[in-house]
Amino acid sequence: MTANHTVHIANLATEITVAADMTILKAAQLAGYAYPYGCQVGRCGACKSRLLSGEVELLPHTPFALTAADTERGFVLACRAQPRSDCGIAWLGSDTAGHPLREVSGRVVSLQRPTPDISILRVELEGEPLAFTAGQYAELHFAGCAPRNYSMANDPDEPLLEFHIRHVANGVTSGHVASGLQAGDPVRLRGPMGTAHLRARRTGPILAVAGGTGLAPILSILHSAARLHLKQPIRLYNAARAEHDLYQEATIADLANRLADFTYIPVLSDGPPLGARLEALAELEGVTAYVAGSPRLVDDAVAAMTRRGLDPAHAYADAFFTAADQACTNGTEIAVRA
């Protein structure tokens, strides 16, 4: 018989019962509590928490989501923590950007397809705008489709929300966006979510890495950086399979004119690998990194940058999982993007 343990969540001043083979995050969700989370598989650090008492076993996770120094300081990832005794835990509230989670209605006002497998849609909301910080995402629900998470690509000050959606093989929702969605169609949104958002108060250099539609949250961050007149050097590595897969080049060129110190580096599959390009950089101490794209790109990029001296605590990563990725997680729910 699986043992049950009592876990006290200090932020909620409540206790939940957690089976030894269940994570604290999953148990909190089943109990109806809004515990902060992102990827749910130990890659993003959104559910990083302080273990106040008791013992947990941590399932595998990436070292930048929870560093060795974090572990020594008593931090855990709620999505990876299975209790081994009664516990006390408190999530860290400083990285969620402080915006209320809302459910809102809107409609698609325009659709573009800059490449054969990418759609750009703009959504107009009913009522008040959705407050978010650049780099965050929302859950979108189109009629007849499973909800999926997509990043906002626009500056938070703009009235329309922009989303970049890649069509993946056998993806029902992304397939609908690619071939069935039309301007005027309704959409429900739930957000904002995500911790890989702009830290505007950090004054050191910014290193941004995007792969595919991972460019969306990076563009949002760059738009905000331009509006806020951030002066530090900003470097963008944009990974794509081939030159024809690069998109939003005109937008990037416009941002280059608006940013004080900006360098754009496209990275194509037939050239030097992204990891090698990043490892060739000078010491990255004091750099803030924003990374968005496939799980492999995120893992490889952050690993390469930490080898060059990047502090993992300042690597803000958003891994774009697909339904196929979820099938490989032994039933663990993840934030699916397509």
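Residues numbered from 1 in each chain as written. Predicted model: local features only at pLDDT ≥ 70, side-chain atom pairs only at ≥ 80, totals over all residues. Heavy atoms only, no water.

Digging into the overall build of the protein
The condition is simple: Strands are runs of DSSP state E lasting at least two residues, helices are runs of H or I lasting at least four, and both sets are numbered from the N terminus onward. Radius of gyration: C-alpha atoms only; globule rule: 2.2 Å multiplied by the number of residues to the exponent 0.38. The buried label applies to any residue whose accessible area, calculated with a 1.4 Å probe on protein chains only, is under 20% of its type's maximum; exposed applies above 50%, and partly exposed to all values in between. Accessible areas in this description were obtained via Shrake-Rupley with a 1.4 Å probe; residue shielding takes into account the shown protein chains only.
Across its full length, the protein holds eight helices and 18 strands. Its C-alpha atoms give the protein a radius of gyration of 20 Å, within 12% of the compact-globule value 20 Å for 338 residues. Considering only C-alpha atoms, the protein reaches an extent of 60 × 50 × 35 Å along its principal axes. Here the protein, with 338 residues, has 52% of them falling under the buried criterion. Of the roughly 14900 Å² of accessible surface on the protein, a fraction of 50% belongs to carbon and sulfur atoms.

Notes on the sheet that holds strand β11 (residues 148–151)
Note the cut-off: Should DSSP find at least two bridges between two strands, the strands are regarded as paired. Here an axis means a line fitted to C-alpha atoms, over the contact stretch when the element is a helix, while the angle between two N-to-C directions is reported on a 0 to 180 degree scale.
With antiparallel pairing, the six strands of this open sheet are ordered in space as β11-β10-β13-β8-β9-β12. What marks the edges here is a single partner per strand, and that holds for β11 and β12 (161–166). Looking at each pair of strands side by side, their axes are set apart by 40 degrees on average, direction ignored.

Quick notes on the environment of A13
Inspection of the secondary structure assignment puts A13 in the loop between β1 (4–9) and β2 (14–19). The exposed category is assigned to A13, whose relative accessible area is 63%. Sequence separation between A13 and A90 is 77 residues; the distance between their C-alpha atoms is 9.7 Å.

Things to note about the packing of aromatic side chains
Definition in use: By convention, a stacked pair of Phe, Tyr or Trp rings (six-membered ring in the case of Trp) has centres within 6.5 Å and planes under 30 degrees apart, an edge-to-face pair has planes over 60 apart, and any other such pair is tilted.
Enumeration according to the criterion identifies two aromatic pairs in this entry. Ring geometry for Y35 versus W91: centroids 4.8 Å apart, planes at 65 degrees, classification edge-to-face. Here the residue Y35 occupies a position in the loop between α1 (24–30) and β3 (48–53), and W91 occupies one in strand β7 (residues 87–91), the gap between them amounting to 56 residues. In terms of burial, Y35 and W91 fall into one category: buried.

Some thoughts on the sheet that holds β2
Taken in spatial order, the five strands of this open sheet run β2-β1-β7-β3-β5, and their pairing is mixed. Every other strand in the sheet has two partners, leaving β2 and β5 (75–77) as the edge strands with one partner each. Ignoring strand direction, the axes of neighbouring strands in this sheet form an average angle of 40 degrees. Summarising the sheet, β1 and β2 pair through six bridges and their orientation is antiparallel. If you follow T6 over to β2, its bridge partner there is T17.

Details of the pattern of salt bridges
The following threshold applies: Within this document, salt bridges are pairs made up of a side-chain nitrogen of Lys or Arg and a carboxyl oxygen of Asp or Glu, the two lying within 4 Å of each other.
Summed over all chains, the structure comprises 15 salt bridges. Taking the shortest distance from any N to any O, the salt bridge between D157 and R227 comes out at 3.6 Å. You can see D157 sitting in the loop between β11 and β12 and its partner R227 sitting in helix α4 (residues 215–227), a full 70 residues away along the chain. What emerges from the salt-bridge pattern is a single network uniting K48, D70 and R73.

Some points on helix α3 (residues 172–179)
To keep it simple, the criterion reads: For this analysis, residues touch if any pair of their heavy atoms sits within 4.5 Å.
The complete set of buried residues in α3 reads T173, S174, G175 and V177. Those residues of α3 that are buried are in contact with β8 (102–115), β9 (118–125), β10 (137–142), β11 and β12.

Here we look at the pairing of β11
Residues in a regular strand point their side chains to alternate faces of the sheet. Side-chain alternation along β11 places R148 and Y150 on one buried face and N149 and S151 on a second face that is also buried. Of the strand pairs in this sheet, β10 and β11 are connected by four bridges, and their pairing is antiparallel. Counted as the bridge partner of A138 is Y150 from β11.

Some words on the environment of S85
Heads up, the rule is: Side-chain atoms alone can form a polar contact between residues adjacent in sequence; in general such a contact is a pair of N or O atoms within 3.5 Å, and within protein one must be able to donate a hydrogen while the other accepts it.
Tracing the backbone through its elements, the reader meets S85 in the loop between β6 (81–83) and β7. Using a relative accessible area of 22% as the deciding quantity, one classes S85 as partly exposed. S85 sits 29 residues away from V56 along the chain, and the two C-alpha atoms are 7.1 Å apart. Here E55 takes part through its backbone nitrogen, which lies 2.9 Å from a polar atom of the side chain of S85.

A short note on helix α7 (residues 295–307)
Selection rule: Multiplying 1.5 Å by the residue count of a helix minus one yields the expected span of that helix.
In a regular helix each residue adds 1.5 Å, so 13 residues correspond to 18 Å; α7 covers 18 Å between its end C-alpha atoms and thus fits that length. Residues of α7 that are buried: P295, L297, V298, D299, A301, V302, A304 and M305. Backbone geometry just after α7 places G309 at a positive phi near 100 degrees.

Note that all results are geometric; they support no functional claim without further evidence.
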